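# Examination of the molecular architecture
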Amino acid sequence: MADGWAVQRTGPGDQARTQAREQLLDAARELYGVVGYRETSETDLCEAAGVTPEVLRQEYGTREGLLIALHNRVTTIGLRAMEAVLHSEGIDECSIADRVRRLFDAYVESVTRDPREARVTFVEVLGVSAVVDEHCKLWRALWTEFLTGEAERAVERGEAEDRDHRVDVMVMVGSVHELMAHHTRRCRRAMPGEVSGELTQLALTMLGSQRVG
């Protein structure tokens, strides 16, 4: 899923298509992330990107398809950042608190680096349509699998309560998105460290790690 939008292209014509796709994504980031998805028309997008409506329809189908593509790109960056932490030197020797904090530090830093992308990822995708809801649902399922693996590893190391944590993780994934949306909507932006600290505390509480040993 995370690589579903990656397309290999070669030749001048393909380069032009790639450029058009990037221009549309840049336009969507600016308009969806500043003006808002619902307030942005197809004409607005095409004028900002410098392409025709036919190009938008060819590359993304609709402005909704463009929203999904942008959300997918930003969320993939967040996932890759967390994967990089799991493959970093010394991560297996970290306590669960340190490991979870490093994971959320990497995630929050990557997805909030650009406030426009954060707004699209956590606010503008909400309640758009059944298609967008299904896209977000698939991502939540992917996050649940990813974080459940971490919970199981914590249990094996005696750092979390010995029980099935899947439901806990499902609730946590939803809570993470709600908390990220809350901070994204606020006039005063919270520092990434503040947000990841809140997420870390939430995760440790749900895992019951504070009551272990």
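On a predicted model such as this, the values are computed, not experimentally measured, just so you know.

About the thresholds
Residues numbered from 1 in each chain as written. Predicted model: local features only at pLDDT ≥ 70, side-chain atom pairs only at ≥ 80, totals over all residues. Heavy atoms only, no water. Helix = DSSP H or I, 4+ residues; strand = E, 2+ residues; numbered from the N terminus. Buried < 20%, exposed > 50% of the residue type's maximum accessible area, 1.4 Å probe, protein only. Contact = heavy atoms within 4.5 Å. Areas by Shrake-Rupley, 256 points an atom, 1.4 Å probe, with all protein chains shown as cover. Lys, Arg positive; Asp, Glu negative; His and termini not counted. Charge placed at Lys NZ, Arg CZ, Asp CG, Glu CD. Polar contact = N/O pair within 3.5 Å; in protein donor to acceptor, adjacent residues only side chain to side chain. UniProt positions renumbered as here; feature names shortened; annotations may be inferred. Core = buried A, V, L, I, M, F, W, Y, C linked by side-chain atoms within 4.5 Å. Phe/Tyr/Trp six-rings, centres within 6.5 Å; stacked < 30°, edge-to-face > 60°. Salt bridge = Lys/Arg side-chain N within 4 Å of Asp/Glu carboxyl O.

## A look at the overall build of the chain
- Each helix and strand counted, the chain has 9 helices and 0 strands in total.
- Scanning the chain from its N terminus toward the C terminus, one meets helices and strands in the order α-α-α-α-α-α-α-α-α.
- Looking at the chain as a whole, 46% of its 213 residues qualify as buried.
- Put simply, of all contacts in the chain between residues at least 6 apart along the chain, 73% involve residues at least 24 apart.
- For the chain, the computed accessible surface area is about 10,900 Å², with 53% contributed by carbon and sulfur atoms.
- Side-chain charges in the chain split into 26 positive and 36 negative, and the spacing between the mean points of these groups amounts to 3 Å.

## Digging into the side chain of serine 129
- You can see serine 129 is positioned in the loop between helix 6 (115-124) and helix 7 (130-156).
- Judged by its relative accessible area of 19%, serine 129 is buried.
- In terms of polar contacts, serine 129 uses its side chain to reach the backbone amide nitrogen of valine 132, at 3.2 Å.

## Section: the UniProt feature "DNA-binding region" (unreviewed entry) in the chain
- Those places that UniProt annotates as "DNA-binding region" (unreviewed entry) correspond, in this numbering, to residues 41-60.
- Between the end C-alpha atoms of residues 41-60 the distance is 14 Å, and the span holds 80% helix and 0% strand.

## Re the nonpolar core
- In terms of nonpolar packing, the biggest core is built from 61 residues, with Tyr32, Leu66, Tyr107, Trp143, Met180 and Leu199 touching the most fellow members.
- The greatest single-element share of this core, amounting to 10 residues, is contributed by helix 4 (residues 63-86).

## A closer look at the packing of aromatic side chains
- Summed over the entire model, instances satisfying the criterion amount to 4 aromatic pairs.
- Between tryptophan 139 and tryptophan 143, the ring centres sit 6.3 Å apart and the planes meet at 35°, which makes this aromatic pair tilted. Placement of the pair is tryptophan 139 and tryptophan 143 together in helix 7, with a separation of 4 residues, close to one helical turn. The pair formed by tryptophan 139 and tryptophan 143 is uniform in burial state, with each residue classed as buried.
- With a centroid separation of 6.0 Å and an interplanar angle of 90°, the aromatic rings of tryptophan 143 and phenylalanine 146 are classed as edge-to-face. Here tryptophan 143 pairs with phenylalanine 146, and both are found in helix 7, just 3 residues apart, close to one helical turn.
- For tryptophan 143, a relative accessible area of 4% gives the class buried.
- By relative accessible area, phenylalanine 146 is classed as buried at 17%.
- Through a chain of ring-to-ring contacts, three or more aromatic side chains come together here, namely Tyr107, Trp139, Trp143 and Phe146.

## Looking at the UniProt feature "domain: HTH tetR-type" (unreviewed entry) in the chain
- Residues annotated by UniProt as "domain: HTH tetR-type" (unreviewed entry) correspond here to residues 18-78.
- Segment residues 18-78 splits into 82% helix and 0% strand. End C-alpha atoms: 23 Å apart.

## So, the environment of glutamate 117
- Along the chain, the position of glutamate 117 falls in helix 6.
- For glutamate 117 and arginine 29, which are 88 residues apart along the polypeptide, the C-alpha to C-alpha distance reads 6.1 Å.
- Discounting residues that sit within four places of it in the chain, glutamate 117 has contacts with Arg29, Arg73 and Val74.

## Examining the pattern of salt bridges
- Throughout the structure, instances matching the rule amount to 21 salt bridges.
- Among the ionic pairs, arginine 116 bridges to aspartate 114, the shortest N-O distance being 2.7 Å.
- Given a relative accessible area of 24%, arginine 116 falls into the partly exposed group.
- Residue class for aspartate 114 comes out buried when judged on its relative accessible area of 16%.
- Linking aspartate 168 and arginine 163 is a salt bridge whose minimum nitrogen-to-oxygen distance equals 2.3 Å.

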